[in-house]
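Residue-level structure breakdown
Take a look at the letters that make up each chain.
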Amino acid sequence: MIVPEYWAEGRIQQQVAAKQYTVRRYGWSDDSAMAAQAHADQRTREAFDRIVNGEPLQRRERKLAYNGADGMPIREEVLERQGDSIITRNGYGARCLNTPNVMFVDVDFEDRRGSARGLTVIGAAFLMAFAVGYATHSAMAGLATLILVTAFGFWRARAEGLRLTEDKSDQLTGLRERVDQFIQQRPDWHLRLYRTPSGARILAMHDVFAPADAGATEAFEALGADPVYARMCRNQNCFRARLSAKPWRVDIDEHLPRPSVWPVPFEKQAARNAWVARYEKAAQGFAACQYLGSVGNTLNVHPDALAVQELHDDRTRAHSGLALA
């Protein structure tokens, strides 16, 4: 896991064999801005030479908070360091916990709301039936339109995999069943369960893992980890957990003033600081997750996992009883 303090960009523009090349690369460092610039210049020179020699490389890297495809370091403002764990502010302004070896499993629940969609289809069908019946002065034409439009609307919804009625099943109960089955096969494991606004979070307490470990991969698959989260963990070589509310859930609709990828230009810093102050005040009244309980061998606790768990529970307000956001 690499979450650098300093970032810089290198640039080489040079003509080779009557052809103009401009190559840019980022560099980073935990030591100083000068070291970050030296790293950027080194990476730029290496990329420039490879491109001139015919390798099909991009001439410029995109500035992203974290790039799972290329495995670039996490590019977010470092707010705090606690041992090996780092708290950052992500691209939309929330605080995030990054840890190299304490495993979080992020599970997103499927959106099973569908009753409104079914009512929309029926409502549209009635409106069209009324219009046709009125225009043709024929009740039969209106009835035929109602049947045809309703059937077509339901067919399209099903063809696109959309639900027409609300699924009342408790997805949290389904997750608990998966966790119980998982633990039965691994009685020495110790897992803590948390409810999040749109899913659940599972924290492994009994041991530490590398994100690419077979054990982590197996747990992700068995527990239903969000595929995007699982890919990010492997590519960034870390596990992540959001510690504070998402802005749009605490009545702050706009994101951080652009550009929000760290570091921001000097002229954007005042606006960014004002946004952060407003967001932090609003987020105080909400929790990022709620502790639900523990399963497995609860006496089996790794000291690194315990330190991360205490930090996580404190910063997310997991025991506060506050509304989730």
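In what follows, the structure referred to is the one given above.
Here's what I pulled together on the structure shown here. (Residues numbered from 1 in each chain as written. Predicted model: local features only at pLDDT ≥ 70, side-chain atom pairs only at ≥ 80, totals over all residues. Heavy atoms only, no water.)

With respect to a nonpolar patch on the surface
There is a patch of nonpolar side chains on the surface, built from M140, L143 and I147 and spanning about 330 Å² of accessible area. Mapping I147 onto the fold places it in helix α3 (residues 139-159). With relative accessibility at 52%, the residue I147 sits in the exposed group. (Patch = residues over 30% accessible without salt bridge, like charges linked within 9 Å, V, L, I, M, F, W, Y side chains within 5 Å. Areas by Shrake-Rupley, 256 points an atom, 1.4 Å probe, with all protein chains shown as cover. Salt bridge = Lys/Arg side-chain N within 4 Å of Asp/Glu carboxyl O. Helix = DSSP H or I, 4+ residues; strand = E, 2+ residues; numbered from the N terminus. Buried < 20%, exposed > 50% of the residue type's maximum accessible area, 1.4 Å probe, protein only.)

Description of the sheet that holds strand β6 (residues 104-108)
Reading across the sheet, the 4 strands line up as β6-β8-β7-β10 and stay open at both edges, with antiparallel pairing between neighbours. Only two strands of the sheet have a single neighbouring strand rather than two, namely β6 and β10 (290-296). Neighbour-to-neighbour, the strand axes of this sheet turn through a mean angle of 20 degrees, independent of strand direction. Taken together, the 6 bridges between strand β7 (residues 190-196) and β10 define a ladder with antiparallel strand orientation. Paired with Y194 across the strands is Y291, a residue of β10. Set on the sheet, helix α5 (residues 214-223) makes contact with β6, β7 and β8 (199-204); between it and β6 the angle comes to about 25 degrees. On top of the sheet, helix α8 (residues 303-316) reaches β6, β7 and β8; it is set at about 15 degrees to β7, its chief contact. (Pairing = 2+ DSSP bridges. Axes fitted to C-alpha atoms, helices over the stretch in contact; angles between N-to-C directions. Contact = heavy atoms within 4.5 Å.)

So, the packing of aromatic side chains
Per the counting criterion, the structure on display carries 9 aromatic pairs. Ring geometry for F182 and W189: centres 5.1 Å apart, planes at 80 degrees, overall edge-to-face. In textbook terms, an aromatic cluster arises when at least three aromatic residues are bridged by ring pairs, as seen for F182, W189 and F209. Looking at R186, its charged tip hangs above the ring of F182, at a distance of 3.8 Å from the centre. (Phe/Tyr/Trp six-rings, centres within 6.5 Å; stacked < 30°, edge-to-face > 60°. Lys NZ or Arg CZ within 6 Å of the ring centre and 35° of its normal.)

Topic: the nonpolar core
The biggest cluster of nonpolar side chains holds 46 residues, and the ones touching the most others in it are M103, V179, L191, F220 and F239. Broken down by element, the residue count for this core peaks at 5 residues, all from helix α4 (residues 171-184). Grouped together as the second largest cluster of nonpolar side chains are 10 residues, V250, W275, A283 and A325 included. (Core = buried A, V, L, I, M, F, W, Y, C linked by side-chain atoms within 4.5 Å.)

Details of helix α6 (residues 227-236)
Along α6, the residues classified as buried are Y229, A230, M232, C233 and Q236. End-on, the buried residues of α6 take up no more than an arc of 160 degrees, which puts them together on one face. Across α6 from its buried face, at more than 90 degrees, point the exposed residues P227 and V228. Against the buried residues of α6 lie β6, α5 and β9 (239-242). Of the residues one or two after α6, N237 is the one with positive phi, at around 60 degrees. (Arc of directions from axis to C-beta.)

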